[in-house]
Amino acid sequence: MELESRILEIPRKKPLRTARGVSEISKNLYITIRHDGIEGYGEMAEIGYRHPQSAVKSLEEIQLLSEKLEDFTPHKYLEMEDLAREHGIGTATQAALLNACLDWVGKKARMPLWQLFGGERETRATSITIGLDSPEFVRERTKEILMSYDSPYIKLKLGGEDGIEADKERFLAVQRGISEVAGYKEIKIRVDANGGWNISDAIVMCEWLAHRGCEYIEQPLSYECDKEMPLLYVQRKLPIFLDESVWNSKEVAKVSKYCDGVNIKLMKCGGIIEGMRMIHVARALGLRVMLGCFGESSLSIAAAASIARGAEYIDLDSHLNMNPDPVHGLEMSQGRLILSMNPGLGVSFR
C-alpha cells in the first residue's frame, strides 16, 4: 500500500468569526492511498481547541506511519486505527487515513460508501453558518444565504466578548434578514455559542432564545466548565447540544446526563468508524445526533454525509465557504446534500 500526502491552503469566501477567534483560510492535509490500481482519498482539517491539531503536525504523523503501513492493505482499517491510537496519532490524522481506506474499500466493492453502510443518498437539510459579527453584517449575510442556498436552517454563532446584549442584537438581526427575504417560507435558527458564555449568561440566553423560536443551543458553556452543565441542563428552556465537550464514543456516555444531543465531527473522533460508534452510543443513551464539521472540503463532508442516516441534525456546510473547493462530486438541492452514485466517497480532485 502506497501512501502520499500534501497540504493545501484554501481561502474562505467569508472569514468565519466565532467566540474562539477568526479564520480566513483552511489549511488541510490530503491523503492518497494506492493499492491494486485503486486510489482512496482522505482529508484532515485543523483543530484549534482542546486537542489542537495542525496540518504540519499531521504531515509528520503520516510520515511516521507510512513505514509501518507498508505491509498493510486498505481492508485492514481497524488495525490501522489501533496502530494510530497506539502511537498517539491525532484524531484528525486518523480521520484522513481511515476515511481514505474506506473510500478505497467502496471503490474496490464498486459501491458508494453511503450505500455500503445502508444509508441514503440525500441527507436532511444542512444548516448554513453565520459567524460572530456586527448586527448589520449578520442581517446582510442572512439575506445573502437565503438567496444563495435553499436551506430552511441558519446556524448563528454567538458568545461574543461584547456580551449577551450584543448577542441578542445579532439574533434579532437574523430574524430581520429572514423577514426581508423569506416571505412565507419558515426558516429556523440554531445557535452555537462555542463555549462563550458563563453560567449566568447562559441561563438568561437559553430562556431568551427559547421565547424567540430558537431551535436549540450548542455548547453554551466552555468544555472547561462541564461541572456547571448540570445546573444549566435542569432549567433549560430549549435543547442543549454539546460539541467541544465530547470527542469520542467514551465521552458520549460522560456528558449524556446533562445534554440533549451531541455534535459528532469526524476530525474530533478519528473518522467514519468512530463516528458510527458515537451515533450508536448516543442513540442507546437517548441522545439526539448532529453531524458537524471544521474547515473541510467536499471530501470530508461527503465522508460525514455517508453516515448521515443516523443523525437528526446536519451541520455540514464548510465546503460552501471555500474559494474554491478543491474537490467536486458532492451536490446540494433544497439544502440537502446529495451524494454521488460513483463508488467510494464519489468525489475527486478538480
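Report follows, based on the coordinates. What you see is a predicted model; the values in this text were computed from it and never measured. Along each chain, numbering runs from 1 in the same order as the chain's sequence is written. Residues qualify for local features only when their pLDDT is at least 70, as the model is predicted, and side-chain atom pairs are given and counted only at 80 or more; totals for whole chains, interfaces and linings, by contrast, use all residues. With hydrogens and water stripped out, all remaining heavy atoms of the structure feed into the side-chain values.

**Considering the pattern of salt bridges**
Okay, so step 1: The salt bridge definition used is simple: a Lys or Arg side-chain nitrogen within 4 Å of an Asp or Glu carboxyl oxygen. The final tally for this structure, using the stated rule, is 29 salt bridges.
Okay, so step 2: Glu9 is paired through a salt bridge with Lys27; the nearest N and O atoms lie 3.8 Å apart. A residue pair is termed long-range when its members are at least 10 positions apart, and Glu9 in strand β1 (residues 2-18) and Lys27 in strand β2 (residues 21-35) qualify at 18 residues.
Okay, so step 3: Among the ionic pairs, Lys108 bridges to Asp36, the shortest N-O distance being 3.6 Å. Helical segments are the DSSP runs of H or I of at least four residues, strand segments are the runs of E of at least two, and each set is numbered from the N terminus.

**A look at helix α11 (residues 272-284)**
Three or four residues apart is the spacing at which side chains of an α-helix point the same way, because the helix has 3.6 residues per turn.
Okay, so step 1: Given a helix with a known number of residues, its expected span is that number minus one, times 1.5 Å. An ideal rise of 1.5 Å per residue puts 18 Å on 13 residues; α11 measures up with 18 Å between its terminal C-alpha atoms.
Okay, so step 2: Classification of residues uses two cut-offs on accessible area relative to the type maximum, computed with a 1.4 Å probe and protein chains only: under 20% is buried, over 50% is exposed, and between them is partly exposed. Listed as buried for α11 are Ile272, Ile273, Glu274, Gly275, Met278, Ile279 and Ala282.
Okay, so step 3: Where α11 terminates, the next one or two residues include Gly286, which has phi positive at roughly 80°.

**Focus: the side chain of Asn263**
Okay, so step 1: The residue Asn263 is located in strand β10 (residues 261-264) in this model.
Okay, so step 2: Contacts are assigned to residue pairs with any non-hydrogen atoms lying within 4.5 Å of each other. Each residue touching Asn263, except ones within four places of it in the same chain, is listed here: Lys155, Glu218, Leu242, Asp243, Val246, Lys268, Met290, Leu291 and Gly292.

**A short note on the pairing of strand β7 (residues 188-192)**
Okay, so step 1: Taken across its five residues, β7 has four buried, putting it largely inside the fold.
Okay, so step 2: We treat two strands as partners when DSSP finds at least two bridges between them. Bridge analysis of strand β6 (residues 153-157) against β7 gives five bridges, and the strand direction is parallel. Its bridge partner being in β7, Leu156 is matched across the sheet by Val191.
Okay, so step 3: When the strands point away from the viewer, a crossover counts as right-handed if the path from the first strand over the helix to the second runs clockwise. The handedness of the β7 to strand β8 (residues 217-218) crossover, carried by helix α7 (residues 199-210), is right-handed.

**Structural notes on the nonpolar core**
Okay, so step 1: Put simply, buried Ala, Val, Leu, Ile, Met, Phe, Trp, Tyr and Cys residues joined by side-chain atoms within 4.5 Å make one nonpolar core. One finds Trp197, Leu209, Ile217 and Leu316 to be the most contacted residues of the largest nonpolar core, which totals 108 residues.
Okay, so step 2: The element contributing the most residues to this core is helix α3 (residues 91-109), with ten residues.
Okay, so step 3: Apart from residues lying up to four places away in sequence, Leu316 is in contact with Thr126, Leu291, Gly292, Cys293, Ile301, Ala304, Ala305 and Leu337.

**Regarding the sheet that holds β2**
Okay, so step 1: Taken in spatial order, the three strands of this open sheet run β1-β2-β3, and their pairing is antiparallel. The open sheet is flanked by β1 and β3 (38-45), the only strands paired with a single partner. Here the strands of the sheet are splayed against their neighbours by 20° on average, with no regard to which way each runs.
Okay, so step 2: In this sheet, β2 lies alongside β1 in antiparallel orientation, the contact comprising 13 bridges. The residue bridging Thr18 from the neighbouring strand is Gly21, located in β2.
Okay, so step 3: Against the sheet, helix α1 (residues 55-68) contacts β1, β2 and β3, and its axis sits at roughly 15° relative to β2. For every element, the axis is a line fit to its C-alpha atoms; helices are fit only across the contacting stretch, and the angle between N-to-C directions ranges from 0 to 180 degrees.

**Topic: the sheet that holds strand β4 (residues 122-125)**
Okay, so step 1: As summarised here, the arrangement of the three strands in space is β4-β15-β14, forming an open sheet in which the pairing is antiparallel. Edge positions in the sheet fall to β4 and β14 (331-333), since each has one partner strand and no second. On average, adjacent strands in this sheet sit at an angle of 25° to one another, irrespective of strand direction.
Okay, so step 2: Here two bridges tie β4 to strand β15 (residues 336-338), and the two strands are oriented antiparallel to one another. Paired with Ala125 across the strands is Arg336, a residue of β15.

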